[in-house]
Amino acid sequence: MADQLSPDEKFNLITRNLQEVLGEEKVKQVLQERALRVYWGTATTGKPHVAYFVPMSKIADFLKAGCEVTVLFADLHAYLDNMKAPWELLELRVKYYEQVIKAMLESISVPLDKLKFVKGTDFQLSREYTLDVYRLSSMVTEHDAKKAGAEVVKQVEHPLLSGLLYPGLQALDEEYLKVDAQFGGVDQRKIFTLAEKYLPSLGYAKRAHLMNPMVPGLTGAKMSSSEEESKIDLLDSKEDVKKKLKKAFCEPGNIQNNGVLSFVKYVLFPLRGVFSIKRDAKLGGDKVYSAFEEVEKDFVAEIIHPGDLKASVEVALNELLEPIRKKFESPELRKLTSDAYPDPSKTKAGGKGVKAGGGGDGGGGVDDELAPSRLDIRVGKILSVEKHPDAESLYLEKIDVGEPEPRTVVSGLVAYISQEDLQDRLVLVLCNLKPQKMRGIESQAMLLCASIEGEPRKVEPLDPPEGSLPGDRVFVEGYESGKPDDRLNPKKKVWDKLQVDLKISDECVAQWKDKQLMTKLGQITCKTLKGGNIS
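Source: prediction; values computed, not measured.

1. Details of the packing of aromatic side chains
If you walk through the whole model with that rule in mind, you get 10 aromatic pairs. Aromatic side chains Phe123 and Tyr129 sit 5.7 Å apart centroid to centroid with 75° between the ring planes, which places their arrangement in the edge-to-face category. Residue classification places Phe123 among the buried positions, given a relative accessible area of 12%. Note on Tyr129: relative accessible area 0%, which makes it buried. Centroid distance Phe269 to Phe275: 6.5 Å. Interplanar angle 55°. Geometry classified as tilted. We note that Phe269, like Phe275, is buried. Aromatic ring contacts, followed pair by pair, group Tyr96, Phe328 and Tyr341 into a single cluster. Between the NZ or CZ atom of Lys28 and the centre of the ring of Phe11, over which it lies, the distance is 4.8 Å. In this arrangement the basic side chain of Lys102 is found over the ring face of Phe117, its NZ or CZ atom lying 4.8 Å from the centre.

2. Notes on the pattern of salt bridges
Overall, the coordinates contain 27 salt bridges when judged by the stated rule. Asp61 serves as the salt-bridge partner of Lys58, at 3.1 Å between the closest nitrogen and oxygen. Taken as a pair, Lys58 and Asp61 lie in helix α3 (residues 53-64) at a separation of three residues, close to a single helical turn. Across this residue pair, the class does not change: Lys58 and Asp61 are buried. Where Lys335 meets Asp339, a salt bridge forms, and the shortest distance between an N and an O atom there is 2.7 Å. You can see Lys335 and its partner Asp339 sitting in helix α14 (residues 331-340), four residues apart, about one turn around the helix. Classification of Lys335 by relative accessible area gives exposed; the value is 53%. What makes Asp339 partly exposed here is its relative accessible area of 29%. Connected through shared salt-bridge partners, Asp376, Arg378, Glu403 and Arg407 make up one network.

3. Remarks on the pairing of strand β11 (residues 377-388)
Two strands pair when backbone bridges link them, and β11 and strand β14 (residues 426-430) are joined in this way by five bridges, in the antiparallel orientation. In the strand pairing of β14, Gly380 is matched with Val427.

4. Some thoughts on the packing of helix α1 (residues 7-15) against helix α2 (residues 24-33)
Relative to each other, α1 and α2 sit at 135°, their axes nearing to 9 Å. One way to sum up the angle between α1 and α2 is to call them oblique. For α1 against α2, the interelement crossing comes out right-handed. Along its contact with α1, which presents Pro7, Lys10, Phe11 and Ile14, the element α2 presents Glu24, Val27, Lys28, Leu31 and Gln32. Tallied by class, residues from the contact of α1 with α2 come to five nonpolar, one polar and three charged.

5. A few points about the nonpolar core
In this structure, Phe53, Leu210 and Leu309 are the most contacted members of the largest nonpolar core, which totals 75 residues. Each of domain 1 (7-212) and domain 2 (238-340) accounts for three or more of the residues forming this core. The next biggest cluster of nonpolar side chains, apart from the first, holds 31 residues, and it includes Leu136, Ala145, Ala171 and Tyr198.

Calculation rules
- Per chain, the residues get numbers from 1 upward, laid out in the order the sequence is written.
- For a predicted model such as this one, the threshold for reporting local features is a pLDDT of at least 70, and the threshold for listing and counting side-chain atom pairs is 80 or more; totals across whole chains, interfaces and linings nevertheless cover every residue.
- Working from all heavy atoms in the structure, the side-chain values ignore hydrogens and water.
- Pairing of aromatic rings covers Phe, Tyr and the six-membered ring of Trp, with a centre-to-centre limit of 6.5 Å; geometry is then stacked below 30 degrees between planes, edge-to-face above 60, and tilted otherwise.
- Each residue's exposure class comes from its accessible area (1.4 Å probe, protein chains only) as a fraction of the maximum for that residue type: buried when under 20%, exposed when over 50%, partly exposed otherwise.
- Working rule: Lys NZ or Arg CZ, within 6 Å of ring centre, within 35 degrees of ring normal, means a charge sits over the ring.
- For this analysis, a salt bridge means a side-chain nitrogen from Lys or Arg found within 4 Å of a carboxyl oxygen belonging to Asp or Glu.
- In DSSP terms, a helix is any run of H or I states spanning at least four residues, a strand is any run of E spanning at least two, and both are numbered starting from the N terminus.
- Two strands pair if DSSP finds at least two bridges between them.
- Helix axes are fitted only over the stretch in contact, all axes being lines through C-alpha atoms; the angle between N-to-C directions runs from 0 to 180 degrees.
- Our angle categories are set so that under 35 degrees counts as roughly parallel, over 145 as roughly antiparallel, 65 to 115 as roughly perpendicular, and the remainder as oblique.
- By definition, any crossing whose near helix is turned counterclockwise from its far helix by less than a right angle is left-handed, and any crossing with a clockwise turn is right-handed.
- Only heavy atoms enter the contact rule, under which two residues are in contact if any of them lie within 4.5 Å.
- Under the convention adopted here, Pro, Cys and the residues Ala, Val, Leu, Ile, Met, Phe, Trp and Tyr are nonpolar, Asp, Glu, Lys and Arg are charged, and Gly plus all remaining residues are polar.
- Here, nonpolar core means buried Ala, Val, Leu, Ile, Met, Phe, Trp, Tyr and Cys residues that are tied together by side-chain atoms lying within 4.5 Å of each other.
- Here the limits of each domain have been adopted from an automatic or database domain assignment.

Listed below in structure tokens is the structure:
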């Protein structure tokens, strides 16, 4: 096909659906002379999800336009980015990514023999590359490095030096992979401009940059591997796909932050050229669209109902996922998946794996490593507050935590907070402590607050993100999949050991060991108590 296309037609195919192109003239000039060399890199961190079909569909476009395409499995970058991939798991993650990315490409009929697959550490540990890293680090300021990685590298209160190296290495990859252009999401724009600024200072050519838009997740925000509710995993069952799509943000007539509609635009149309809306015959039956603009127009006019759109995307998505699911049914790939992404709620004791929290009494093993996923923390809504009848310093709260009946919570911290500020307020509640009587009244949970010791003591409730509901689960970033204990065993002091690492950051964000406390809608915060404890 590529031989039959003019340079202009190739350029249009290469750039369709992109949000931005830096260096258009360079791309056009190369296409007049030869095939464009492009690379796409992916840091081997969390499991790839369905949003990865967006770059996959562009790789298909590049190949149709006759480009020479390299796929980089950026294992060293995965480690440098705040150790998102532990060193001991790097090799396994690379193997998983290679298998799942190839399965995705095969599911959309991309010929693998036309692609070159490279692992980052195969060339990034060489003498020449390492010397270039030092040369680059003598030119790039801390400010420029931090700014370049702001939307890509994980931002923490006390950033590691490794995260500042990340953008420079990505820039050098362009030279060492000998490409004309790098392809990535628009969130990498600052890294791309850093590359354009500094590579010529090393005597290397400035490359072009092709940028995809960021596809909204199912909750309306960016689709993320670390936010379970925002994404559909490539190995999710048909039942899971249906359940997640059913919950997806898709308001009638609203095309803003609509992840379902974006999937139709950036994946289904580029791959298939048409999209079919499945409808009951009574409502006019199925309708086939040949252009996304027609789908968008009918959705805005509410001719297409969100339920019909979700059902139609579900059918198309499962057709893409089925070959990937089948491939990963093999014992070898199932083992690779579990080895590359071990359950964080599993810990080791005495050389044997012990489940963190395996029963109603908090589990029978000894934990060398405590997982915060053992804590059953939920969003709660305070229904009433009154003083304890037999203790001046204690208060009784009735809190809705998403169960049929509210829980009674006895707390002393409430004495430091205005009672008017608590009525009907959303708060955080630890729900799996063993109930205990406090001056004759049983406390069935614990209200979690930020506090700073002193005279007077300062206390503030923790704030869930806007839109939260009673019962919403609160988790620590990176520990989303772990299951809470039914009840924490007080003899094991699980809460006491985990609580010492719960803090408020300088940005007033609740954290456990520098990892954010979150719900599916975003991070947990407090108003003003920077550096406070959480108890």
